[in-house]
Amino acid sequence: MGALLPLVLTNLRRHRLRSLVGAAGVAWAAAFMLTVLGLVLGAVTMFQRILAEETDLLVHERGVADLFFSSVRQDEVSGVAALPGVASASPILFGIVSAPDHPVVTCFGLLPGDARLDVSRWRGGKLADFTLGGRSVCLGRRAAEFLQAGVGGEVELGRERFKVAGILECRNGFEDGGVFFPLPLAQEFFHRDSVVSLVSVKLAAGASKDGVKQLVDKKFDRLIAMEPREFNNNYAQFRILRSLAWAVGLGAFVLGGLGVANTLLMSVFSRVREIAVLRVCGFSRPQVAALVMAESLILALSGFLAGSVLGVVLLRVLEKLPFLQGYVESDLPLGAVFGVGLVALATAVLGAAYPAWHASRIQPAAALRWD
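To keep things clear, this report deals only with the structure shown in the data block. Remember, predicted model here, so these are calculated numbers, not experimental data.

Here is what the cut-offs are and how they apply
- Residues numbered from 1 in each chain as written.
- Predicted model: local features only at pLDDT ≥ 70, side-chain atom pairs only at ≥ 80, totals over all residues.
- Heavy atoms only, no water.
- Helix = DSSP H or I, 4+ residues; strand = E, 2+ residues; numbered from the N terminus.
- Buried < 20%, exposed > 50% of the residue type's maximum accessible area, 1.4 Å probe, protein only.
- Contact = heavy atoms within 4.5 Å.
- Areas by Shrake-Rupley, 256 points an atom, 1.4 Å probe, with all protein chains shown as cover.
- Core = buried A, V, L, I, M, F, W, Y, C linked by side-chain atoms within 4.5 Å.
- Axes fitted to C-alpha atoms, helices over the stretch in contact; angles between N-to-C directions.
- Left-handed = near helix turned anticlockwise from the far one by under 90°.
- Nonpolar A, V, L, I, M, F, W, Y, C, P; charged D, E, K, R; others polar.
- Phe/Tyr/Trp six-rings, centres within 6.5 Å; stacked < 30°, edge-to-face > 60°.
- Pairing = 2+ DSSP bridges.
- Patch = residues over 30% accessible without salt bridge, like charges linked within 9 Å, V, L, I, M, F, W, Y side chains within 5 Å.
- Salt bridge = Lys/Arg side-chain N within 4 Å of Asp/Glu carboxyl O.

**What about the overall build of the protein chain?**
Piece 1. When you go through the protein chain residue by residue, the secondary structure sums to 14 helices and twelve strands.
Piece 2. A burial count over the protein chain gives 49% of its 371 residues as buried.
Piece 3. A fraction of 79% describes how many contacts in the protein chain between residues 6 or more apart in sequence connect residues 24 or more apart.
Piece 4. As presented, the protein chain carries roughly 17,600 Å² of accessible surface, and 62% of it is formed by carbon and sulfur atoms.

Pasting the structure below:
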């Protein structure tokens, strides 16, 4: 490889524009894939943090594809709270509602003692204002901004108007852009009387998670208990979003790989006589193929590095946009970056396969007569 490297670099410099086009294709694919992964994984992470807030176990209806369709009855909530080893059981109702100029607003039906209210910073009103009586709601900070509502004012949700009792600054985007209903009011508003979406369970000191999970399975045929980590790995919506992100990114890399293949193939056709001279000078077919493959790897590596920088810059820009704050993670997991690097390597190998094979099949005698 050491002897081939000068030839590889010389050829890439001789065809600067062609090389830049090939590397740019990989760079764009890498930046696009990292950006999509950042958006999707950021949204998934935010939702996971909601579920994991001060939670040891999540109890929800068995077999549902989406938590918004899960139904846990009030008697089941009370039964879970009474299980040995359970310190507290906080019911949560998820809902989606429309507001003027905002077709999708996430809503949370909670009890006043929920940990989400305790850990949030109250920028207006106070926790005591979040009561089970009346028709008042609290808004996340971002929700208050885009709904243009303040403490003491009113906000229109669906076809009803509610008084704003408080504004909270939350630690993640879904909550900060959401509306917090007292649980009975949320059940009435969403027509889900006496049911909730899930129960967030906090265990007593020394209690066994597996033991409580077995008790839930034994006592409640309709319900299942999972640890937050276990739930994240098995929740269908999360799997779909992750798979979609990788599929879209791979599609971008297919286009980038075609660009690399076209660049190398054109390079081989323009260097037929040069390759013939190399063969006459003693280069074997594997060495000629390695020459083309090395060019592809350098194009892919340079494109991946440039695309990684561009992708991180794009994510940081998106992270600062007001309507996306809290939903975008600019700090990508190393596993995601490593995966994109492997895809770039595979793109380089596949894109160079035919050009390398074609170059290795060139016959010196015929090639020297190439016009």
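**Quick word on the nonpolar core**
Piece 1. Of all hydrophobic cores here, the largest spans 40 residues; its most connected members are Leu139, Leu157, Val179, Phe181 and Val199.
Piece 2. For this core, the leading source of residues is strand E3 (residues 86-99), giving five residues.
Piece 3. Counting 21 residues, the second largest nonpolar core, distinct from the first, contains Leu37, Phe253, Leu332 and Val340.

**Some points on the packing of helix H12 (residues 285-320) against helix H13 (residues 334-360)**
Piece 1. The interhelical angle for the contact between H12 and H13, taken along N-to-C directions, is 150 degrees, at an axis separation of 8 Å. When you trace H12 past H13, the crossing you get is right-handed. The segment H12 lies against H13, with Arg285, Val288, Ala289, Val292, Met293, Ser296, Leu297, Ala300 and Phe304 engaging Val337, Val340, Gly341, Ala344, Leu345, Ala348, Val349, Ala352, Pro355, Ala356, Ala359 and Ser360.
Piece 2. Class assignment for the residues of the contact of H12 with H13 results in 17 nonpolar, three polar and one charged.

**Re the packing of aromatic side chains**
Piece 1. Taken as a whole and assessed by the stated rule, the structure comprises eight aromatic pairs.
Piece 2. Taking the centre distance of 5.4 Å and the plane angle of 20 degrees together, the rings of Phe181 and Phe189 count as stacked.
Piece 3. Judged by relative accessible area, which is 0%, Phe181 ranks as buried.
Piece 4. Here the aromatic rings of Phe189 and Phe190 are separated by 5.0 Å at their centres, their planes lie at 80 degrees, and the arrangement is edge-to-face.
Piece 5. A residue is classified by how much of its surface remains accessible, and Phe189, at 11% relative accessible area, is buried.
Piece 6. In this structure Phe190 comes out as buried when scored by relative accessible area, which is 19%.
Piece 7. An aromatic cluster is built from Phe162, Phe181, Phe189 and Phe190, whose rings are joined through pairwise contacts.

**A short note on the pairing of strand E6 (residues 136-140)**
Along any regular strand, the residues point their side chains to alternate faces of the sheet.
Piece 1. Judged by how many residues are buried, E6 sits mostly within the fold: four of five residues are covered.
Piece 2. When E6 meets strand E8 (residues 160-169), the two strands line up parallel, connected through five bridges. Considered in E8, the bridge of Val137 is made with Val164.
Piece 3. Bridge count for E6 against strand E9 (residues 179-182) is two bridges, and the pairing is antiparallel. Residue pairing for E9: Cys138 is matched across the bridge by Phe180.

**Here we look at unusual backbone geometry**
Piece 1. We note that Gln148 has phi near 55 degrees; this positive angle belongs to a residue other than glycine.
Piece 2. Structurally, Gln148 is set in the loop between helix H5 (141-146) and strand E7 (154-157).
Piece 3. Positive phi values are uncommon outside glycine, yet Ser194 reaches one of about 65 degrees.
Piece 4. Tracing the sequence through the fold places Ser194 in the loop between helix H7 (183-189) and strand E10 (195-196).
Piece 5. Among the residues examined, Ser194 registers a relative accessible area of 46% and is labelled partly exposed.

**As for a nonpolar patch on the surface**
Piece 1. Nonpolar side chains collect at one region of the surface, where Leu297, Phe338, Leu342, Leu345 and Val349 lie side by side and expose about 440 Å² of accessible area between them.
Piece 2. It is H13 that contributes the most residues to the nonpolar patch, four residues altogether.

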